[in-house]
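Structural description and commentary
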2 protein chains.
Amino acid sequence: MNQLLKDLQHKVNQKTKPLGALGRLENLAIQIGMLQNTLNPSLNFPHILIFAADHGLAKSGVSPYPQEVTAQMVLNFVRGGAAINVFAKQNNIALTIVDAGVNFDFDNSLPILHEKIAKGTKNSLEEPAMSLEQCEKAFEKGKELIKQLHEKKCNVVGFGEMGIGNSSAAALLLSHYGKLPIEACVGRGTGLDDEGLKKKSEILYQVQQKHKQTLAKTDNPLEIVATLGGFEMVMMAGAMWQASELNMLVMIDGFIATSALLVAKSIKNNITESCVFCHQSEEQGHQKMLDLLQAKPLLNVGMRLGEGTGVAVAYPLIVSAVNFLNEMASFEQAGVSEKND
Amino acid sequence: MNQLLKDLQHKVNQKTKPLGALGRLENLAIQIGMLQNTLNPSLNFPHILIFAADHGLAKSGVSPYPQEVTAQMVLNFVRGGAAINVFAKQNNIALTIVDAGVNFDFDNSLPILHEKIAKGTKNSLEEPAMSLEQCEKAFEKGKELIKQLHEKKCNVVGFGEMGIGNSSAAALLLSHYGKLPIEACVGRGTGLDDEGLKKKSEILYQVQQKHKQTLAKTDNPLEIVATLGGFEMVMMAGAMWQASELNMLVMIDGFIATSALLVAKSIKNNITESCVFCHQSEEQGHQKMLDLLQAKPLLNVGMRLGEGTGVAVAYPLIVSAVNFLNEMASFEQAGVSEKND
């Protein structure tokens, strides 16, 4: 057994509590210690990056909301009115909004990172969502943004997203990586009714048929996500990859963010060692993604909003894990008797 | 439908998110709004009371820890070294430690509320754990402590406990209120092995036989808990009752705290309207208590420590519920398009 792992386990076991009594917080503390290579980990400058982009597929009626909502919600983020603003502020998490490809011209003066690859993807019913060149550019941009955060001493980062239509792209990625029929991957997204759900499933099946040959002959992860995905997802995947390379703690949100992780994991298989799964989404496909990743999220409170909200509300639990490891007294320090053998 | 309930639901639905997308945080926001009779609830001076007491039954070998640990852990609380100290500090929750009946003479100068009923209960294998008079005194004291907090404008209170042997008393209460065989109610507590678990079950069965007649002929909740329970549990039940009477939000922790709620509920049936179930304990009987109460806790992260730790780590989620209701923009305020019909 690795010596640090042994020492971390010992440190946890010597705290004034029955063995294992802090449950998953104990595993989390050990994971973070291992990631930071220390018995005394710390969470510095926590950050959530929200990537926003539009989807050509949204024009085919896969979402009950109009595409304009992506840009409107970005402006809501900027003004501080969205759920993610409220939760990030509450838990002292910095928020950066990245325009990865929204179909709207934001004023340059707005506090947004203007990294638009294009004004939304193409409609994947008709052609690949983006070119391989655009995809590589988005992936690299994600990496670059993380390097900048890392230089500012941030060591814990979560990811949120906004993009009308992106639960369709995520379902397509799940179907591809999980080798699952599309009906098993499709969900209600922002709130489709039964009829809308059926239509979404049919449309996504057509998308798969359209790109069947391309997908069958490639194992280039970027070509796969270029065909089916969105700019926000590719940029997020690049960011996740880079954060893991830099041993940052990567906080994973719901269905869309986890689809980006599927992409990143197909490039870096051990990336999950860096990840905390924060929240189980109500979107039905999320459970299947988590099964693929053998992951169990910290929270399951019926949320399905995206934006990184699952990360933001779970973050205090991650802080608790680090805090108990650093701050609790040991049996010896406290003069508390240990268990009888 | 009650007008305030309707208005709260409308306020939640107008926030910039898909309908229902914040899951249980939405129910929680509405519950708190109803409890405080307002569209704009607030959480003021959050507090956790930890009740500590010893159990005569502990001398029969129902716990792997010696009885001295109760007092030692109280001193650990006072010095700030326990898990509950770390988590309460992290989440800005005030902590008060109440000696409800620890078998130790604490120095009067310590920051403890000295409300000792006796130096531990009697061994319920031999006689009732306490007299009815002691039980009434403990219940009244719990009420009094809450009135004092309420006068200081606290409107949200959680309960923790410490008492070697108290998972046995809690199992006895569960068995009584749930009409369940004792084996279905007994768990490993602080960490019994298989043999210890079997022994605990046998001892508790003997306790039940001892008091069978008394329990069969009474429906006085205080007589039941006087026979089987502990001082910390009775004081907690009184405190829960009073907090609910004052429309305070009552945050419920794990197995022991929920056993106290069973007592309080047998006196005030609608008390659960005031309660947030914070954490699902790993102690097996807790699920059965939650089933009786038709309750689903916010968190399930494998903890089984008591002390109010489940309350403390869940509290930020409760804050999130209130914050989104108060701070998020509505579709109209944010200029975001609503769902297509």
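Residues numbered from 1 in each chain as written. Chains lettered and ligands numbered in written order. Predicted model: local features only at pLDDT ≥ 70, side-chain atom pairs only at ≥ 80, totals over all residues. Heavy atoms only, no water.

It is worth spelling out the overall build of chain A at this point. A tally of helices and strands in chain A yields 14 helices and six strands. Relative to a compact globule of 341 residues, whose C-alpha radius of gyration would be 20 Å, chain A shows 21 Å and is just as compact. Each principal axis of the C-alpha atoms in chain A carries an extent, and together these give about 70 × 45 × 35 Å. For chain A, restricting intrachain contacts to residue pairs at least 6 apart in sequence, the fraction spanning at least 24 positions comes to 74%. (Helix = DSSP H or I, 4+ residues; strand = E, 2+ residues; numbered from the N terminus. Rg over C-alpha atoms; globule rule 2.2 N^0.38 Å. Contact = heavy atoms within 4.5 Å.)

Take helix α2 (residues 24-36) of chain A next. Along its 13 residues, α2 of chain A runs 18 Å from first to last C-alpha, staying within 8% of the 18 Å computed at 1.5 Å per residue. For α2 of chain A, the complete set of buried residues consists of Arg24, Leu25, Glu26, Leu28, Ala29, Ile30, Ile32, Gly33 and Leu35 of chain A. Check the buried side of α2 of chain A and you find it contacts α1 (3-13), β5 (249-252), β6 (275-277) and α13 (309-327) of chain A together with α4 (83-90) and α12 (309-327) of chain B. Immediately downstream of α2 of chain A, the backbone of Asn37 of chain A shows phi near 55°, a positive value. (Expected span 1.5 Å × (residues − 1). Buried < 20%, exposed > 50% of the residue type's maximum accessible area, 1.4 Å probe, protein only.)

Okay, the sheet that holds strand β3 (residues 113-114) of chain A next. Residue and element names in this part refer to chain A. Pairing in this open sheet of six strands is parallel, and the strands run β3-β2-β1-β4-β5-β6 from one edge to the other. What marks the edges here is a single partner per strand, and that holds for β3 and β6. Examined bridge by bridge, strand β1 (residues 47-53) and strand β4 (residues 156-162) share six bridges and lie parallel to one another. Bridge pairing in β4 links Leu49 to Phe159. In the packing of helix α5 (residues 132-151) onto the sheet, the strands contacted are β1, β2 (94-101), β3 and β4, and the crossing angle to β1 comes to about 160°. (Pairing = 2+ DSSP bridges. Axes fitted to C-alpha atoms, helices over the stretch in contact; angles between N-to-C directions.)

Two packed helices can be described by the angle between their axes and the distance between those axes. All names here are of chain B. Running from N to C, α4 and α12 point in directions that differ by 20°, and their axes come no closer than 9 Å. Overall, the two elements α4 and α12 adopt an arrangement that is roughly parallel. In the packing of α4 onto α12, the handedness of the crossing is left-handed. Contact residues: Ala83, Ile84, Phe87 and Ala88 in α4; Thr309, Ala312 and Val313 in α12. Residues that form the contact of α4 with α12 fall into these classes: six nonpolar, one polar and no charged. (Parallel < 35°, antiparallel > 145°, perpendicular 65-115°, else oblique. Left-handed = near helix turned anticlockwise from the far one by under 90°. Nonpolar A, V, L, I, M, F, W, Y, C, P; charged D, E, K, R; others polar.)

Residue and element names in this part refer to chain B. The strand order across the open sheet built from six strands is β3-β2-β1-β4-β5-β6, with neighbouring strands paired in parallel fashion. At either end of the open sheet lies a strand with only one pairing partner, and these are β3 (113-114) and β6 (275-277). With two bridges connecting them, strand β2 (residues 94-101) and β3 associate as parallel partners. When the sheet's bridge partners are listed, Val98 is paired in β3 with Leu113.

So, on to the pairing of strand β5 (residues 249-252) of chain B. Residues and elements named next belong to chain B. The alternating pattern of β5 places Leu249 and Met251 on one face and Val250 and Ile252 on the opposite face, and all of these are buried. Sheet analysis places strand β4 (residues 156-162) next to β5, joined by three bridges and oriented parallel. Within β5, the position partnered with Val157 by the bridge is Val250.

We now examine the relation of the copies chain B and chain A. Relating the two copies of this chain is a rotation about some axis coupled with a shift parallel to it. Note on the identical chains: chain B maps onto chain A by a rotation of 180° and an axial translation of 0.0 Å, with an RMSD of 0.0 Å. Both copies are brought into coincidence by an operation consistent with a two-fold rotation axis. A high fraction, 98%, of the interface residues of chain B reappear at the interface in chain A, so the copies pair face to face through one surface. (Least-squares fit on C-alpha atoms with pLDDT ≥ 70 in both.)

Turning our attention to the environment of Phe45 of chain A. Residue and element names in this part refer to chain A. Relative to the assigned elements, Phe45 resides in the loop between α2 and β1. For Phe45, a relative accessible area of 54% puts it in the exposed group. Along the sequence, Phe45 and Lys153 sit 108 residues apart, while their C-alpha atoms lie 6.9 Å from each other. Once residues within four sequence positions are removed from consideration, Phe45 is found in contact with Lys152, Lys153, Cys154 and Val156.

Residues and elements named next belong to chain B. All chains considered together, the criterion is met by four aromatic pairs over all chains. On the basis of an interplanar angle of 20° and a centroid distance of 6.3 Å, the ring pair of Phe51 and Phe159 is categorised as stacked. Taken together, the residues Phe51 in strand β1 (residues 47-53) and Phe159 in strand β4 connect sequence positions 108 residues apart. Overall, the relative accessible area of 0% leaves Phe51 in the buried class. (Phe/Tyr/Trp six-rings, centres within 6.5 Å; stacked < 30°, edge-to-face > 60°.)

With that settled, consider the interface of chain B and chain A. Taken together, the contact pairs 54 residues of chain B with 53 residues of chain A. When residues of chain B are sorted by the area they lose upon contact with chain A, Tyr65, Val301 and Lys339 of chain B head the list and together hold 12% of the total. Linking chain B with chain A are two salt bridges. A salt bridge links Glu327 of chain B to Lys89 of chain A, with the nearest nitrogen and oxygen atoms 3.4 Å apart. For the side of chain B that touches chain A, the secondary structure elements donating two or more residues are α2 (24-36), α3 (68-79), α4, α12 and α13 (331-334) of chain B. Of the residues belonging to the side of chain B that touches chain A, the class tally is 29 nonpolar, 16 polar and nine charged. (Buried area = accessible area lost by both parts, 1.4 Å probe. Salt bridge = Lys/Arg side-chain N within 4 Å of Asp/Glu carboxyl O.)

Moving on, we come to the pairing of β2 of chain B. All names here are of chain B. In terms of burial, β2 is largely enclosed, as six of its eight residues are buried. The pairing of β1 with β2 spans seven bridges and is parallel. For His47, the partnering residue across the bridge sits in β2 and is Ala94.

To continue, consider α5 of chain A. All names here are of chain A. The end-to-end C-alpha distance of α5 is 29 Å, a good match for the 28 Å that 20 residues give at a rise of 1.5 Å each. Those residues of α5 that fall on the buried side of the exposure criterion are Cys135, Ala138, Phe139, Lys141, Gly142, Lys143, Leu145, Ile146 and Leu149. Count one or two residues on from α5 and you reach Lys153, which has phi positive near 75°.

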